[in-house]
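# Secondary and tertiary structure notes
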Amino acid sequence: MTRIRRDPAAGRTLAELIFGIALISGVIALIGTLFLPGRWYFLGGVIAGAVAAILLVINMYDSIDAALSMNEKRAKNYASLHAVLRIAITGVLLVIAYWIDLYCFIGLALGVVSLKLSGLLHLPIAALFRRMLGEPPEPPVSEQKIENNDK
């Protein structure tokens, strides 16, 4: 957990994913509250789903970081256990949301899916994130300096 917090590249990617989750969930919440009859249940579901997605991505990063310092067998078991826990937690949240209201369930599902969408749309989200921070755009890969890490 502490290595990711110290590694600027990993911390930056995590921040960009969280930004993407918030941005995508915000768009989903806005559209849903304008057009769905159960708008408050939907909005609550999207907010809960976005918070869950942020916590899931933080757990994912932390478990990857911890697994990197373990031997291969232990790392596989550790990563698998955490993946199953993330799936189980998501399942429990979806069941609870369904018991509350169908629109809450739909909102929560879309909020959690915003994690996947944030990962798929990482490049444009990262560019928007840099622009919002006032940083120059990242040069194309063909122009970037390639470092040799072989020692």
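For the structure itself, consult the block above.
Reference entry: report on the structure contained in this document. Fair warning: this is a prediction, and the values are worked out from it, not measured in the lab.

Quick notes on the rules
Residues numbered from 1 in each chain as written. Predicted model: local features only at pLDDT ≥ 70, side-chain atom pairs only at ≥ 80, totals over all residues. Heavy atoms only, no water. Helix = DSSP H or I, 4+ residues; strand = E, 2+ residues; numbered from the N terminus. Buried < 20%, exposed > 50% of the residue type's maximum accessible area, 1.4 Å probe, protein only. Contact = heavy atoms within 4.5 Å. Areas by Shrake-Rupley, 256 points an atom, 1.4 Å probe, with all protein chains shown as cover. Patch = residues over 30% accessible without salt bridge, like charges linked within 9 Å, V, L, I, M, F, W, Y side chains within 5 Å. Salt bridge = Lys/Arg side-chain N within 4 Å of Asp/Glu carboxyl O. 1 Å grid on protein atoms, 1.4 Å probe; cavity = no way out; pocket = protein on both sides within 12 Å on 5 of 7 lines; lining within 4 Å. Points joined across faces, edges and corners; volume = space filled by probe spheres on them. Nonpolar A, V, L, I, M, F, W, Y, C, P; charged D, E, K, R; others polar. Axes fitted to C-alpha atoms, helices over the stretch in contact; angles between N-to-C directions. Parallel < 35°, antiparallel > 145°, perpendicular 65-115°, else oblique.

### So, the overall build of the protein
- When helices and strands are tallied, the protein shows six helices and zero strands.
- The helix and strand sequence of the protein, counted from the amino end, reads α-α-α-α-α-α.
- Here the protein holds 151 residues, and 31% of them are scored as buried.
- Taking all contacts inside the protein whose residues are at least 6 apart in sequence as the whole, residues at least 24 apart take part in 72%.
- For the protein, the accessible area works out to roughly 10,100 Å², and carbon and sulfur atoms hold 69% of it.

### Remarks on the side chain of serine 118
- As for its placement among the helices and strands, serine 118 is situated in helix H5 (residues 102-120).
- A relative accessible area of 1% means that serine 118 is categorised as buried.
- Once you skip the residues sitting within four places of it in the chain, serine 118 turns out to touch Glu16, Leu17, Gly20, Ile21, Ile24 and Ile125.

### Section: a nonpolar patch on the surface
- Together, Tyr41, Val92, Val95, Ile96, Tyr98, Trp99, Ile100, Leu102, Ile106 and Leu110 make up a nonpolar patch on the protein surface, roughly 1,000 Å² of accessible area in all.
- Among the secondary structure elements, those contributing two or more residues to the nonpolar patch are helix H4 (72-100) and H5.
- Within the fold, isoleucine 106 resides in helix H5.
- Classification of isoleucine 106 by relative accessible area gives partly exposed; the value is 32%.

### Things to note about the layout of surface pockets
- In this structure, the largest pocket encloses a volume near 220 Å³.
- Lining the largest pocket we find Leu56, Met60, Ala83, Arg86, Ile87, Thr90, Val112, Val113, Leu115 and Lys116.
- Of all the secondary structure elements, the ones that give two or more residues to the lining of the largest pocket are helix H3 (39-67), H4 and H5.
- Grouping the amino acids of the lining of the largest pocket by side-chain chemistry returns seven nonpolar, one polar and two charged.

### Some points on the packing of H3 against H4
- Two elements in contact, H3 and H4, have axes separated by 10 Å at closest approach and are oriented at 175 degrees. Compared by their axis directions, H3 and H4 come out roughly antiparallel. Two secondary-structure elements touch here, H3 through Tyr41, Ala52, Leu56, Asn59, Met60, Ser63, Ala66 and Ala67 and H4 through Ala75, Tyr78, His82, Arg86, Thr90, Leu93 and Ile100.
- Taken together, the residues of the contact of H3 with H4 sort by class into ten nonpolar, four polar and one charged.

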